[in-house]
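Secondary and tertiary structure notes
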Amino acid sequence: MEPLMNYLWLFVVAGGPVILAAAFIFALLRRRRLKREERRRRDEATRELYRR
């Protein structure tokens, strides 16, 4: 039973950060860039909010 627990802790300690890093990289790769018109509308709406 003891060796099994050692492998379990190895998975938790080493595998956890690897899974977290993979999820972070996946999220960065899936992020959509705004097109020029979308950026312009976003900036215009932000300026309008700050004018109030």
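It should be noted that the structure appears before, not after, this text.
Read on for a plain summary of the structure. Bear in mind that the values here come from a model prediction, so they are computed numbers and not experimental data. (Residues numbered from 1 in each chain as written. Predicted model: local features only at pLDDT ≥ 70, side-chain atom pairs only at ≥ 80, totals over all residues. Heavy atoms only, no water.)

**Some remarks on the overall build of the chain**
Scanning the chain for helices and strands turns up 2 helices and 0 strands. Its C-alpha atoms give the chain a radius of gyration of 22 Å, clearly above 10 Å, the size a compact globule of 52 residues would have. Considering only C-alpha atoms, the chain reaches an extent of 65 × 25 × 10 Å along its principal axes. Out of the 52 residues belonging to the chain, those deemed buried represent 2%. (Helix = DSSP H or I, 4+ residues; strand = E, 2+ residues; numbered from the N terminus. Rg over C-alpha atoms; globule rule 2.2 N^0.38 Å. Buried < 20%, exposed > 50% of the residue type's maximum accessible area, 1.4 Å probe, protein only.)

**Examining helix 1 (residues 2-30)**
Taking 1.5 Å as the rise per residue, helix 1 with 29 residues should run 42 Å; its terminal C-alpha atoms sit 41 Å apart, in good agreement. At Gly-15, helix 1 shows its maximal kink, close to 35°; a proline, Pro-17, follows between one and four residues later. (Expected span 1.5 Å × (residues − 1). Bend = angle between axes of the 7 residues up to and from the residue.)

**Let's talk about the environment of Leu-34**
Considering the arrangement of structural elements, one finds Leu-34 in the loop between helix 1 and helix 2 (36-51). Apart from the residues lying within four places of it in its own chain, the contact partners of Leu-34 are Arg-39 and Arg-42. (Contact = heavy atoms within 4.5 Å.)

**What about the pattern of salt bridges?**
One side chain can pair with another of opposite charge once the charged atoms of both are near each other. The tally for this structure, following the rule as stated, stands at 6 salt bridges. One salt bridge connects Glu-44 with Arg-40, and the closest N-O pair in it is separated by 2.8 Å. With Glu-44 and Arg-40 both in helix 2 and 4 residues apart, the pair spans about one turn of that helix. (Salt bridge = Lys/Arg side-chain N within 4 Å of Asp/Glu carboxyl O.)

**Quick look at a nonpolar patch on the surface**
There is a patch of nonpolar side chains on the surface, built from Met-1, Leu-4, Met-5, Leu-8, Trp-9, Phe-11, Val-12, Val-13 and Ile-19 and spanning about 990 Å² of accessible area. Taking the relative accessible area as the measure of exposure, Met-1 reaches 72% and is therefore exposed. (Patch = residues over 30% accessible without salt bridge, like charges linked within 9 Å, V, L, I, M, F, W, Y side chains within 5 Å. Areas by Shrake-Rupley, 256 points an atom, 1.4 Å probe, with all protein chains shown as cover.)

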